[in-house]
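Listed below, chain by chain, are the residues.
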Amino acid sequence: MNNPAGERAANTDEVALTPPFSDWFAARGWQPHPHQCAMLAATAPATLLIAPTGAGKTLAGFLPSLVDLAEVSGAGLHTLYVSPLKALAADIRRNLSSPVEEMGLAILVEDRTGDTKQSVRVRQRRDPPDILLTTPESLALMLSWDEAPKLFSTLRRVVVDEVHALAGTKRGDQLALGLARLSTLAPGHRVAALSATVDAPGEIADWLCPPDADGVVHVDTIFADPGPPPDITVMHDAGDPPWAGMGGRYAARAILDQIAAHRTTIVFINTRAQAELFFQALWAENAEALPIALHHGSLGLEARQKVEAAMAAGELRAVVATSSLDLGLDWGDVDLVIQVGAPKQVKKLVQRIGRANHRYDAPSKALIVPANRMEVIECHAALDAIDGGDLDGERLPAGGLDVLCQHLCLVACGGSFEADALFEEVRRAGPYRGLTRADFDRCLDFCATGGYALRAYDQWKRLIEHRPGRFALRDPRTAQRLRMNVGTIVAPETLNVRMGRRGGGAKIGEVEEMFAATLTPGDSFLIGGRVVRYDGLHEMTVQVSANPTQEPKIAVFYGTKLATSVRLSHLVMERLSDRAGWEDLPRPVQVWLDLQARHSRLPSPDRLLVEVFPRGDRWHLVVYAFAGQNADQTLGLLLSKRMEEAGLDPLGFVTNDYAVMVWGLKPIPDPAALLEAAGLLAGAEAWLSENNLMKRTFRTVGVVAGLIERTTPGRRKTGRQATFSSDILYDTLRKYDPDHLMLEITRREAMRGLVDFGRIEELLTRIDGRIDVVQARRCTPLATPLMLEMGRVPIRGGGAEETLLAEEAAMLEEIDRAG
């Protein structure tokens with residue numbers, strides 16, 4: 001790997017350990033790794049260590065602190081460790097206790113998270129440990145204390161673990177602002193960031209400590225020896241993967257055989273719902289009664305801790321998990337990782353593979369199990385990227401202004417501040433290095449007045465300018481309320497679906513709030529085996545009416561999903577368009593692609609393939625956008641709307657990560673015109689104004705910025721109460737203050753996330769009008785998975801899979817006859 005300025009490989013001769021550290025390593029027959037010595041020798045204000053899982057990067061991060069504290073401990077808080085997970089902080093405390101105790105070091109290590117007892121938190125404020133392990137939220141809270149300047153005055157080091165999981169997120173914005181605050185309270189302290197998977201080290205370095213006014217980089221990036229390459233195989237002996245579907249349940253027997261052949265296995269699946277279904281399928285095959293368990297974020301804390309303890313004790317042969325186990329809990333006995341379903345992001349796959357063999361000298365072993373035929377290609381493309389060291393990095397976004405608003409109020413909780421000085425401090429946070437003074441002042445004005453339309457209400461006047469340029473809390477009693485609402489995580493709501501326009505009828509199910517937010521009156525969707533018409537959203541209830549004669553417009557909705565990265569999507573298209581990339585694919589997949597080439601065309605990165613074909617009495621439009629599930633869902637909604645405006649009578653659409661298919665009653669004379677960029681953008685803005693997505697996004701932004709309180713002394717607001725108040729605020733601001741800061745932030749946020757319009761813009765820019773329209777005589781091979789997903793929707797009961805397989809066989813025979 002090339003080492004530009006500020007980057008270097010670890011040098012084993014940079015520093016020598018002295019007793020008791022050298023004795024501790026020698027007693028175990030170990031030698032300190034070069035990158036651990038390099039961390040000891042680092043003198044830059046910030047250091048980024050990139051080291052593979054099992055390479056002792058956590059010990060490398062703490063070694064400088066342990067060496068310092070071996071000389072002088074008990075003089076106050078010396079080292080602050082920040083982790084994205086409370087469980088990881090607790091795990092690190094357990095792992096640190098061994099070397100501390102075995103070397104006889106008088107070093108106190110404690111954690112401080114939401115799970116820490118109140119009595120311990122109170123004691124830590126007056127008598128902190130030498131090393132404190134915490135999370136971004138708890139750090140923000142500590143920085144709001146009156147005692148913060150005294151508490152952090154002794155700080156010498158900060159260790160940020162799993163930095164790749166924080167950078168680019170709102171939690172990362174909050175942490176970056178906290179690090180900038182610490183640079184004021186504890187000038188001269190050093191920061192170390194640790195990660196096993198960094199796609200763009202320069203981006204992370206700038207996030208950690210942006211260049212100064214002269215462009216000088218103050219971050220030293222250290223690359224550890226990556227160790228042996230991982231042993232990764234795509235599983236092709238579980239039977240032919242289906243044409244459609246995402247669950248991978250066809251491979252349950254083969255996966256159980258792999259579990260039986262290894263000591264401990266982690267089976268990763270991309271979503272919680274798929275994890276539940278796959279666990280059931282795996283258990284149905286488990287005649288041997290192997291001890292296996294399930295772990296994901298929707299399970300209760302006690303259930304997750306029970307599984308983690310069983311894994312640590314070696315009592316389980318396998319655990320089926322989602323991203324809840326992506327980060328570094330150290331289970332050394334894991335000797336196999338299985339990824340079920342395409343990885344979607346190369347760096348996420350690398351992170352998950354690293355959970356196997358937490359040993360520096362042993363390769364991680366992994367199997368990837370594609371859930372369908374297109375995923376076979378994606379899995380092989382991901383392996384190509386890993387072999388080439390091509391992690392799918394994307395530019396980190398600028399820091400959120402809603403997070404900045406929360407930060408300003410929390411700073412005021414700890415005492416008054418000078419606006420000029422705080423502005424310069426905030427710009428020392430990587431995500432905010434491009435912050436303008438105008439935007440800073442808008443955030444400050446929002447915190448002080450609530451904005452033009454709200455300045456008559458005292459509850460939003462949280463700050464006061466008691467002399468020019470100096471701000472403080474208007475009422476010190478509000479500090480408690482502000483601290484109770486710290487954080488950037490806003491959990492999604494689940495809404496009841498009820499019959500009747502007032503929502504007073506029978507409950508027929510639940511849907512994700514963000515799904516409901518995309519609907520406009522008249523849309524139809526499937527729930528509980530019934531097609532219903534969306535009539536409206538009242539507070540937390542989705543109001544629907546029966547619509548048994550109409551096909552569901554939105555045939556399949558998966559909810560917010562991890563989208564296939566832009567880079568991985570391009571690699572898939574490159575493989576599709578080049579027959580040389582088919583050689584290592586299973587024969588059935590090669591035949592499938594060959595049929596596509598004969599009946600239509602194959603997608604390519606620099607062009608957009610659009611197919612139009614009839615089937616029965618319907619006309620189908622397929623756009624191979626390769627933009628990810630969320631963006632394709634948005635594209636389906638926009639294309640449907642444009643077809644309605646053109647009088648083409650669309651009936652519905654279905655999407656996957658690669659394409660969107662819209663069907664209707666009339667031929668489509670000019671498909672390319674539907675994809676004209678200006679029309680799609682105008683359609684997106686009109687669509688956003690017609691549904692509740694903006695209101696739901698506004699609520700999230702308002703909660704983070706402090707406009708809407710989740711928790712007040714003595715009680716916590718229900719989702720219904722928060723939504724009701726946020727809806728009133730949203731309508732008020734739209735009417736009386738359309739340029740309000742919160743509305744501007746909402747517009748930005750709404751075009752990201754579920755809508756992901758940026759991916760559609762990337763597509764339109766990439767193809768630059770190069771659209772290949774194929775008028776096919778019948779459904780094409782690549783469109784068949786979408787047709788099968790569409791056909792899957794109305795099937796009920798236990799015969800669903802058999803019916804789907806029969807439909808798949810019939811469609812294949814239809815294509816073969818045409819060939």
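For every chain, the first residue of the written sequence is number 1, and numbering continues from 1 along that sequence. Reporting in this predicted model follows two pLDDT cut-offs: at least 70 for local features of residues, and 80 or more for side-chain atom pairs to be given and counted; totals over whole chains, interfaces and linings ignore these cut-offs and use all residues. To get the side-chain values, take all heavy atoms of the structure and skip hydrogens and water.

### Re the packing of aromatic side chains
When the centres of two rings from Phe, Tyr and Trp lie within 6.5 Å, Trp using its six-membered ring, the rings pair. Their planes under 30 degrees apart give stacked, over 60 give edge-to-face, and anything left gives tilted. Applying the stated criterion across every chain, the model contains 11 aromatic pairs. A ring pair is formed by Trp24 and Trp30, whose centres lie 5.7 Å apart and whose planes are at 90 degrees; its orientation type is edge-to-face. In this structure Trp30 comes out as partly exposed when scored by relative accessible area, which is 43%. One aromatic cluster is present, formed by Trp24, Phe25 and Trp30 through successive ring pairs. Working rule: Lys NZ or Arg CZ, within 6 Å of ring centre, within 35 degrees of ring normal, means a charge sits over the ring. Sitting over the face of the ring of Trp145, Arg125 holds its NZ or CZ atom 4.3 Å from the ring centroid. The ring of Phe423 is capped by Arg437, whose NZ or CZ atom sits 5.2 Å from the centre of that ring. Buried residues are those whose accessible area, probed at 1.4 Å on protein chains only, stays under 20% of the maximum for their type, while exposed residues exceed 50% and partly exposed ones sit between those limits.

### Observations concerning the pattern of salt bridges
Definition used for salt bridges: Asp or Glu carboxyl oxygen within 4 Å of a side-chain nitrogen of Lys or Arg. Scanning all chains against the criterion turns up 40 salt bridges. Between Glu418 and Arg470 there is a salt bridge, with its nearest N and O atoms 3.0 Å apart. Taken as a pair, Glu418 in strand 15 (residues 417–418) and Arg470 in strand 17 (residues 470–473) lie far apart in primary sequence, 52 residues in all. What makes Glu418 partly exposed here is its relative accessible area of 29%. Exposure remark for Arg470: the relative accessible area of 19% places this residue in the buried category. Here Glu762 ties to Arg766 by a salt bridge, and the two come within 3.1 Å at their closest N and O atoms. With a gap of four residues between them, Glu762 and Arg766 both fall in helix 28 (residues 757–767), about one helical turn apart. The network of salt bridges with shared partners includes Arg253, Asp257, Glu285 and Glu288. By definition, any uninterrupted DSSP run of H or I lasting at least four residues is a helix, any uninterrupted run of E lasting at least two residues is a strand, and each is numbered from the N terminus.

### Looking at the nonpolar core
Residue types Ala, Val, Leu, Ile, Met, Phe, Trp, Tyr and Cys, when buried and joined through side-chain atoms within 4.5 Å, form a set referred to as a nonpolar core. Residues Leu80, Phe152, Leu404, Phe440 and Met742 are the most contacted members of the largest nonpolar core, which totals 119 residues. With 10 residues, the single largest contributor to this core is helix 15 (residues 401–413). Only heavy atoms matter for contacts: two residues are in contact if any of them lie within 4.5 Å across the pair. With residues near it in sequence (within four places) discarded, Phe440 still touches Leu404, Leu408, Ala419, Leu422, Phe423, Val426 and Leu435. Listed in part, the 58 residues of the second largest apolar core include Val307, Leu316, Leu383 and Leu786.

### A few points about the packing of helix 13 (residues 346–353) against helix 14 (residues 373–387)
Interaxial angles span 0 to 180 degrees and are taken between N-to-C directions of axes, which are lines fitted to C-alpha atoms, for helices over the stretch in contact. Running from amino to carboxyl end, helix 13 crosses helix 14 at an angle of 75 degrees, the nearest separation of the two axes being 10 Å. The orientation of helix 13 relative to helix 14 falls into the category roughly perpendicular. For the pair helix 13 and helix 14, the contacting residues are Val346, Leu349, Val350 and Ile353 in the first and Ala382, Ala385 and Ile386 in the second. Here the angle decides the label: under 35 degrees means roughly parallel, over 145 means roughly antiparallel, 65 to 115 means roughly perpendicular, and every other value means oblique.

### Focus: the pairing of strand 5 (residues 131–134)
Side chains of strand 5 alternate between two faces, with Ile131 and Leu133 and Leu132 and Thr134 buried alike. Here four bridges tie strand 3 (residues 79–82) to strand 5, and the two strands are oriented parallel to one another. Considered in strand 5, the bridge of Val82 is made with Thr134. Sheet topology note: the strand 4 (residues 109–112)/strand 5 ladder contains four bridges and is parallel. Residue Glu110 lies in a different strand from strand 5, and its bridge partner there is Leu132. When the strands point away from the viewer and the path from the first strand over the helix to the second turns clockwise, the crossover is right-handed. In this fold, the crossover linking strand 4 to strand 5 by way of helix 5 (residues 118–126) has right-handed handedness. Any two strands with at least two DSSP bridges between them are considered paired.

### Concerning the confidence of the model for the protein chain
The quantity known as pLDDT measures the predictor's confidence residue by residue, on a range of 0 to 100. Averaged over the protein chain, the pLDDT score is 82; the fraction of residues at 70 or greater is 84%. Here residues 555–560 scores under 50 on pLDDT; set against residues more than four positions off or in separate chains, the count is 22 contacts. Between residues 792–804, whose pLDDT stays under 50, and residues either more than four places distant or in other chains, the model counts 15 contacts.

### What about empty space enclosed by the protein?
With a 1 Å grid laid over protein atoms only, a set of points is called a cavity when a 1.4 Å probe fits there but cannot get out and a pocket when it is open yet has protein on both sides within 12 Å along at least five of seven lines; lining residues have an atom within 4 Å of a point. Grid points are joined across faces, edges and corners, and a volume is the space filled by probe spheres set on the points. Counting across every chain of the model gives six cavities of 30 Å³ or more. Its boundaries defined by the atoms lining it, the second largest cavity holds a volume of some 110 Å³. Taken together, Ala140, Leu143, Ser144, Gln174, Leu177, Gly178, Arg181, Val403, Gln406, His407, Leu410 and Val411 make up the full set of residues lining the second largest cavity. For the lining of the second largest cavity, the elements supplying multiple residues, two or more each, are helix 6 (136–143), helix 8 (170–185) and helix 15. Of the residues forming the lining of the second largest cavity, the biggest block, five residues, is contributed by helix 15. Side-chain classes are defined by residue name, with Ala, Val, Leu, Ile, Met, Phe, Trp, Tyr, Cys and Pro counting as nonpolar, Asp, Glu, Lys and Arg as charged, and the others, Gly among them, as polar. Looking at side-chain class alone, the lining of the second largest cavity contains six nonpolar, five polar and one charged residues.

### Points about the sheet that holds strand 29 (residues 771–775)
With mixed pairing, five strands are arranged side by side in an open sheet as 25-26-24-23-29. The sheet is open, and its two borders are formed by strand 25 (650–655) and strand 29, each paired with just one other strand. Adjacent strand axes in the sheet meet at a mean angle of 15 degrees, parallel and antiparallel pairs treated alike. Taken together, the six bridges between strand 23 (residues 608–615) and strand 24 (residues 618–623) define a ladder with antiparallel strand orientation.

### Points about the packing of helix 2 (residues 34–41) against helix 3 (residues 57–71)
Look at helix 2 against helix 3: their axes get within 8 Å of each other, and the N-to-C directions meet at 45 degrees. Viewed along their axes, helix 2 and helix 3 adopt a mutual orientation that is oblique. Relative to helix 3, helix 2 is oriented so that their crossing is right-handed. Across the interface between the two elements, His35, Gln36, Met39 and Leu40 of helix 2 pack against Leu59, Ala60, Gly61, Leu63, Pro64 and Val67 of helix 3. A breakdown of the residues in the contact of helix 2 with helix 3 according to their chemical character gives seven nonpolar, three polar and no charged. In this scheme the crossing of two helices becomes right-handed for a clockwise turn of the near helix relative to the far one and left-handed for an anticlockwise turn of less than a right angle.

### Remarks on the side chain of Gln339
Relative to the helices and strands, Gln339 resides in strand 13 (residues 334–340). Note on Gln339: relative accessible area 2%, which makes it buried. Polar contact criterion, stated in full: a pair of N or O atoms within 3.5 Å, where within protein one must be able to donate a hydrogen and the other to accept it, and residues adjacent in sequence count only if both atoms are side-chain atoms. Side-chain polar atoms of Gln339 contact the backbone oxygen of Gly341, separated by 3.1 Å. Once residues lying within four places of it in the same chain are set aside, the contact partners of Gln339 are Phe268, Asn270, Leu349, Arg352, Leu367, Ile368 and Val369.

### Looking at helix 3
Two axes are fitted around each residue, one to the seven residues ending there and one to the seven starting there, and the angle between them is reported as the bend at that residue. The largest bend in helix 3 amounts to roughly 40 degrees and is located at Leu63, with the proline Pro64 lying one to four residues further along. Among the residues of helix 3, those classed as buried are Lys57, Leu59, Ala60, Gly61, Phe62, Leu63, Pro64, Ser65, Leu66 and Leu69.

### Topic: unusual backbone geometry
Here Pro19 and Pro20 are connected by a cis peptide whose omega angle stands at 0 degrees. Positionally, Pro20 belongs in the loop between strand 1 (7–9) and helix 1 (21–27). Even without being a glycine, Asp649 presents a positive backbone phi close to 50 degrees. Examined against the element boundaries, Asp649 turns out to sit in the loop between helix 22 (629–645) and strand 25. Here Asp649 falls in the partly exposed class, since its relative accessible area comes to 35%. In the Ramachandran plot, Asp768 falls in the positive-phi region, its phi being about 50 degrees despite a non-glycine side chain.

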